Amino acid sequence: MTSMTTIPTSSSAPLTNALRSRRLPVWALVAIGVAAAVLAVLLFKVAGLMDGGWVLTLVGAVLIFLIGLSVISSVVEGRRAARNRVATSLIYSAFVLALVPLVSVVITLLNKGRTRLDGTFFNNSMRNITAFDSGGGAYHAIVGTLEQAGIATLITVPLGVAGAIYIVEYGRGRLANTIRFFVDVMTGIPSIVAGLFILAFWVLIVSPHLSSTHQPFNSGFAAALALFVLMLPTVTRSTEEMLRLVPASLREGSFALGIAKWKTIMRIVIPTALPGIVTGIMLAVARAAGETAPVLLVAGGTPNRNFNPFEGNQESLSVYIYDQAAAATKYGPPRAWTAALTLVALVLLLTVVAKLLSRRTKLNQK
Amino acid sequence: MAKRIEAVGVTAYYGAFKAIDGISMVIEPKSVTALIGPSGCGKSTFLRSINRMHEVLPGARVEGKLTIDSQDIYARDVDVTAVRRTIGMVFQRPNPFPTMSIYDNVVAGLRLGGVRRKSLLDDACEKALRAANLWNEVHTRLNRPGAGLSGGQQQRLCIARAIAVEPQVVLMDEPCSALDPISTLAIEDLISELKNQYTIIIVTHNMQQAARVSDRTAFFSIDKTGDPGRLIEYAETAKIFTNPSVKKTEDYITGRFG
Ligand SMILES: Nc1ncnc2c1ncn2[C@@H]1O[C@H](COP(=O)(O)OP(=O)(O)O)[C@@H](O)[C@H]1O
Ligand SMILES: [Mg+2]
């Protein structure tokens, strides 16, 4: 014991030295960065190496920074530290690179969507407005998107969640595996195929029985059905993954209290997995709200207001964007951009609201 | 109130694998019975077959006869949830429900079992938390998450949750193995108090703990891995620890194997 306690005092100096090492100060990192930037500008811009554009200059600056950092760091701090520095810088660069498309999309949307962001846009349809007219709006398209995506979600969520519950909590053996397999296959269905399926099945076969004239007809509901086909596997799979993450010990804890299985699932398992389930649902909704091909195929699109999803052509924001962007006039594309901005904002809003609702509000407060 | 449990030739399987073989023993009411033995000898399996938790796992089944006050636990017309309400269970790792507050955790069994009256739930919550020696520590923050407590407090919360449904038997599977020594002592004190009211069966790896808290001790063992676990000796705790009648028990107690 005595020898143990004396060791730190007698050899404290060499011990601390062994644990310490020289580190580059922050100003040195900044200096390397500035030097790399200046060098890159000189090389590519001033000297005009390789017809230097800004992108090339930026990439060159990053490369010069990495080389300079690794050399200086390995001299001052040693090789292990130098490798750590380079790896850290690479990860940061990759992160910035990954942000570029995202930021660029948002900036472009805000920039171009601004032009027609006015009251007219949100209060008017395209009735009697051609590609050569100013004005016009996407009121009918916003309503269409909300109705189609809303109906699709209403059908998908109970079925998808119930399917996931079956697979995870009840399904054993062959049947569950088969269902899982088909859910997987369905995940890969192209949206146009879902549209064709609904066209063949609902519009051409079922809808004639629903009309007095026995003619097939388009409808927003048919679009919702196509979106449902697309959303179902996503919701089922993501819910399934979330349910599997709920520890078995929680289920056992509940069973051991004499709580029945279905109650355990509804009151313990689902609430525990809820935030993740909602995230999966919102991903599916976002994807569905942006689908164009199936909507075009079975709801047809229209310049007019049609708030009845069960009868007649209906517009959606994505179809609206498709139409307006294709119009080679000075009025069409701005309308398309504003509709795109609206669609993104709508999905964002829905996601934020859903996240807020699914948070464990009661327990998160301090 | 507390009930007597009788096992006759209890054999349990995981699929084709026989985990315990022919366990017969009588567990007296209002006493603490400790199950000891090397890992894998089937202590947990036997414990879980007492409140029909064993069959929760796919392919798992139990043979033999288990009775509580001479009622067959495995009879065809028996309601599993009723069995589990009568025979509560505390697990090795504390498992409070993460979406629930302390209060909701304690009354979960009652509430999900159909009790709605707020006054009843309030009373049951206080009673259970007091019985679990946790009331003084948490009564000012009953609406805070149960998962925010320390490990030892969480385990006492789980004990409170188990006794809130007023079981007659409480099974504990190594309830202290994930806890620090202070929390372990708190739980051991609690067990000594609870035995005035409940029949308690506790699995433990800690022989001092078995000696401290239990009235009777059952020693389980296996011959080699892959063999089913068997009951080697079952007697008063004092006898097992001072004068065991089987050589294998003595070897285990004195630390020569296991
Ligand atoms: N879920 C399971 N599936 C298959 N075998 C299991 C399972 N749980 C336990 N076993 C096996 O059953 C035997 C007894 O395990 P267990 O009852 O957990 O022992 P103990 O609690 O005494 O350590 C061991 O051989 C173990 O490998
Ligand atoms: Mg065990």
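- By the naming in an unreviewed UniProt entry, chain A is Phosphate transport system permease protein PstA, taken from Rugosimonospora africana.
- Turning to chain A, the UniProt annotation filed under Subcellular location (unreviewed entry) states: "Cell membrane".

## What about the UniProt feature "transmembrane region" (unreviewed entry) in chain A?
All names here are of chain A.
- According to UniProt, the feature "transmembrane region" (unreviewed entry) maps to residues 26–47, 53–76, 88–110, 149–169, 181–205, 217–235, 268–289 and 336–357 in the numbering used here.
- A helix fraction of 95% and a strand fraction of 0% characterise residues 26–47, whose end C-alpha atoms lie 30 Å from each other.
- Secondary structure content for residues 181–205 is 88% helix and 0% strand, and the end C-alpha separation is 28 Å.

## Notes on the sheet that holds strand β2 (residues 17–27) of chain B
Residues and elements named next belong to chain B.
- The strand order across the open sheet built from four strands is β2-β1-β4-β5, with neighbouring strands paired in antiparallel fashion. In this open sheet, the two strands that pair with only one neighbour each are β2 and β5 (71–72).
- Sheet topology places strand β1 (residues 5–14) next to strand β4 (residues 60–68); eight bridges connect them, and they run antiparallel. Paired with Y14 across the bridge in β4 is A60.

## A few points about the UniProt feature "domain: ABC transmembrane type-1" (unreviewed entry) in chain A
- With numbering matched to this structure, UniProt assigns "domain: ABC transmembrane type-1" (unreviewed entry) to residues 142–358 of chain A.
- Within residues 142–358 of chain A, the helical portion is 78% and the strand portion 0%, while the C-alpha atoms at the span's ends are 25 Å from each other.

## Brief notes about the site of ligand 1
All names here are of chain B.
- Near ligand 1, the surroundings consist of Y14, F17, A19, S39, G40, C41, G42, K43, S44, T45 and L57.
- A distance of 2.6 Å is found between an oxygen atom of ligand 1 and a side-chain nitrogen or oxygen belonging to S44.
- Within the complex, the protein chains bury 62% of what would otherwise be the 560 Å² of accessible surface of ligand 1.
- Mapped by element, the contributors of at least two residues to the shell around ligand 1 are β2 and α1 (43–50).
- Top contributing element to the shell around ligand 1 by residue count: α1, with three residues.

## With respect to the interface of chain B and chain A
- Each partner contributes to the interface: chain B provides 31 residues, whereas chain A provides 21 residues.
- In this structure, the connection of chain B to chain A is made through one salt bridge.
- As a salt-bridge pair, E252(A) and R48(B) come within 2.9 Å of each other at their nearest N and O atoms.
- Inspection of the region where chain B meets chain A yields four residue pairs in polar contact (both at pLDDT 80 or more).
- Broken down by secondary-structure element, the contributors of at least two residues to the side of chain B that touches chain A are α2 (80–86), β6 (87–90), α3 (102–112) and α6 (151–164) of chain B.
- In terms of residue count, α3(B) provides more of the side of chain B that touches chain A than any other element does, five residues in total.
- Within the side of chain B that touches chain A, the residues separate by chemical class into 15 nonpolar, nine polar and seven charged.

## Points about the sheet that holds strand β7 (residues 169–173) of chain B
All names here are of chain B.
- A sheet is described by the order of its strands in space; here six strands give the open sequence β6-β7-β8-β3-β9-β10, paired in mixed fashion. Here the strands that pair on one side only, and so sit at the sheet edges, are β6 and β10 (230–236). On average, each strand axis in the sheet is tilted by 20° relative to the strand beside it, whichever way the strands run.
- Judged from the four bridges that link them, β6 and β7 form a sheet pairing that is parallel. Each residue of the ladder has a partner; that of G88, found in β7, is V170.
- The strands touched by helix α7 (residues 181–194) are β3 (32–36), β7 and β8 (199–203); relative to β8, the strand with the most contacts, the crossing angle is about 150°.

## Remarks on the side chain of R237(A)
Residue and element names in this part refer to chain A.
- Inspection of the secondary structure assignment puts R237 in helix α10 (residues 220–245).
- Relative accessible area serves as the criterion here: at 19%, R237 is assigned to the buried category.
- Beyond its immediate stretch of four places on either side in the chain, R237 contacts R180, V183, D184 and T187.

Reading guide: rules and limits
- For every chain, the first residue of the written sequence is number 1, and numbering continues from 1 onward in sequence order.
- Note on labels: chains are lettered from A, ligands numbered from 1, in written order.
- Where totals are concerned, whole chains, interfaces and linings use all residues; where local detail is concerned, this predicted model gives features only for residues with pLDDT of at least 70, and gives and counts side-chain atom pairs only at 80 or more.
- Water and hydrogen atoms were dropped before computing side-chain values, which therefore reflect all heavy atoms in the structure.
- UniProt positions are given in the numbering used here, feature names are shortened, and annotations may be inferred rather than shown by experiment.
- Where helices and strands are cited, they refer to DSSP runs of H or I of at least four residues and of E of at least two residues respectively, numbered from the N terminus.
- A pair of strands is considered paired only if DSSP assigns at least 2 bridges between the two.
- A cutoff of 4 Å decides nearness: a residue is near a molecule or strand if any of its heavy atoms lies inside that distance of it.
- Counted as a polar contact is a pair of N or O atoms within 3.5 Å, where, for protein atoms, one must be capable of donating a hydrogen and the other of accepting one, and residues adjacent in sequence contribute only when both atoms are in side chains.
- Methods summary: accessible areas were calculated by the Shrake-Rupley approach with a probe of 1.4 Å, and residue burial reflects only the protein chains presented.
- For this analysis, residues touch if any pair of their heavy atoms sits within 4.5 Å.
- Put simply, a salt bridge is a Lys or Arg side-chain nitrogen that is within 4 Å of an Asp or Glu carboxyl oxygen.
- Under the grouping applied here, Gly and all other residues not named as nonpolar or charged are polar, the nonpolar ones being Ala, Val, Leu, Ile, Met, Phe, Trp, Tyr, Cys and Pro and the charged ones Asp, Glu, Lys and Arg.
- Fitted lines through C-alpha atoms give the axes, limited to the stretch in contact for helices. The angle between two N-to-C directions lies from 0 to 180 degrees.
- Using a 1.4 Å probe on the protein chains alone, a residue whose accessible area is under 20% of its type maximum counts as buried, one over 50% counts as exposed, and one in between counts as partly exposed.

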